[in-house]
Amino acid sequence: MKIATFNVNSIRARKDLIIKWLTEKIDLEILCLQEIKCEDKDFPYKDFEAIGYECVVFGQKAYNGVAILSKIGFDEVKKGFGDEKFDKEKRFIQAKIKDKNILNVYAPRGSLEGERHIFKLEFFNFLKEYIQKNFDLEKDDLAVVGDMNIARENIDVWDSELLRGSIGFMDDEREKFEDFLKIGLIDLYRSVHPKKSGFTWWDYKNGAFWKNMGMRIDYILTSPTLFKKAKSIDIDLWTRKRRKPIPSDHAPLVAKFL
């Protein structure tokens, strides 16, 4: 089973590129999308159904929004946390597929200070408590995937001194994310590739992608049981290298499991 996470920065803008990737480049069972930027009714279901994917969507007009596409169906689906405060912005969708629990997350980008920064920190507190309440990380096959909008360490950014204190690389954000991981989640990419930068996001400006001026902010985090079933994890740069159709500013992260 291959599972990918991909912040598409508008599904309608990226639809043709994603379909081309899925039909010509990769054989993928499950695709978790973030920042789809459309309401449920406007998601291009038929286009993905035509290539074999069932789609579940928790969308929002113009902002945020998450979806999961599956070639092997869904056993269970939950849209949102079930919490009024944290479901106002559509950032979370959960599915159970072949005994694997998949939590698709689009964490807030936040700000340097103020309400949006506080909300980002609170979001990770809430997500941590939600997982602890609903899953047994010693027994359940769990994958928490998505755009977390935080780079963990110096290796995860192109220039740690220049970027230190900027959004996504602030000390309290990073500390909060490490605290979140301590519940028993394993950063699969960093575990498999301890010395690779593994950037998944590059600014559109100044040719940042071609200069490799990026950040690693997209993750596949696993419970210990699912980690034992992991066969590989890599960043697929094919979509990001396209000039037309215009790519997302992110690249998909793809993992293979038994």
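To keep things clear, this report deals only with the structure shown in the data block. (Residues numbered from 1 in each chain as written. Predicted model: local features only at pLDDT ≥ 70, side-chain atom pairs only at ≥ 80, totals over all residues. Heavy atoms only, no water.)

Turning to the overall build of the protein, a few remarks are in order. Helices and strands together make up the secondary structure of the protein, namely 8 helices and 14 strands. For a compact globule of 258 residues, the expected C-alpha radius of gyration is about 18 Å, and the protein comes in at 17 Å, within 12% of that figure. Sorting the 258 residues of the protein into buried and exposed places 57% on the buried side. Taking the intrachain contacts of the protein between residues at least 6 apart in sequence as the baseline, contacts between residues at least 24 apart amount to 71%. Accessible surface computed for the protein: about 11600 Å², of which carbon and sulfur atoms make up 47%. Distance from the positive charge centre (46 side chains) to the negative charge centre (43 side chains) of the protein: 5 Å. (Helix = DSSP H or I, 4+ residues; strand = E, 2+ residues; numbered from the N terminus. Rg over C-alpha atoms; globule rule 2.2 N^0.38 Å. Buried < 20%, exposed > 50% of the residue type's maximum accessible area, 1.4 Å probe, protein only. Contact = heavy atoms within 4.5 Å. Areas by Shrake-Rupley, 256 points an atom, 1.4 Å probe, with all protein chains shown as cover. Lys, Arg positive; Asp, Glu negative; His and termini not counted. Charge placed at Lys NZ, Arg CZ, Asp CG, Glu CD.)

The end-to-end C-alpha distance of helix α1 (residues 11–24), which contains 14 residues, comes to 18 Å, matching closely the 20 Å that a straight helix rising 1.5 Å per residue would cover. If you check which residues of α1 are buried, you get I11, R14, K15, L17, I18, I19, W21 and L22. Where the residues of α1 are buried, they touch β1 (2–7), β2 (30–34), α2 (45–49) and β14 (253–257). (Expected span 1.5 Å × (residues − 1).)

Here we come to unusual backbone geometry. Residue K244 is joined to P245 through a cis peptide bond whose omega torsion reads -10°. Checked against the element boundaries, P245 lands in the loop between β13 (230–235) and β14. The backbone phi angle of D99 is positive, close to 70°, even though this residue is not glycine. Note on placement: D99 falls in the loop between β6 (92–97) and β7 (100–106). Despite not being glycine, N206 has its phi angle at roughly 60°, a positive value. Inspection of the secondary structure assignment puts N206 in the loop between β10 (201–202) and β11 (214–215).

It is worth spelling out the packing of helix α4 (residues 115–134) against helix α6 (residues 171–181) at this point. Relative orientation of the contacting elements α4 and α6 amounts to 5°, with a least axis distance of 10 Å. With respect to α6, the axis of α4 lies roughly parallel. Two secondary-structure elements touch here, α4 through H117, K120, L121, F124, N125, L127, K128 and I131 and α6 through D172, E173, K176, F177, D179 and F180. Class assignment for the residues of the contact of α4 with α6 results in 6 nonpolar, 2 polar and 6 charged. (Axes fitted to C-alpha atoms, helices over the stretch in contact; angles between N-to-C directions. Parallel < 35°, antiparallel > 145°, perpendicular 65-115°, else oblique. Nonpolar A, V, L, I, M, F, W, Y, C, P; charged D, E, K, R; others polar.)

Most of β1 sits out of view: 5 of its 6 residues are buried. Across 4 bridges, β1 lies against β14 in antiparallel orientation. For K2, the partnering residue across the bridge sits in β14 and is K256. In this sheet, β2 lies alongside β1 in parallel orientation, the contact comprising 5 bridges. The partner of A4 across the bridge, within β2, is L31. The parallel pair β1 and β2, bridged by α1, forms a crossover whose chirality is right-handed. (Pairing = 2+ DSSP bridges. Right-handed = clockwise from strand over helix to strand, strands pointing away.)

Counting buried positions over the 6 residues of strand β8 (residues 142–147) gives 6, a clear majority of the element. Where β7 and β8 come together, 6 bridges link them in parallel fashion. Within the sheet, the bridge partner assigned to N104 lies in β8 and is V145. Handedness of the crossover joining β7 and β8 through α4 is recorded here as right-handed. Note: β8 against strand β12 (residues 218–222), 5 bridges, orientation antiparallel. For A143, the partnering residue across the bridge sits in β12 and is T222.

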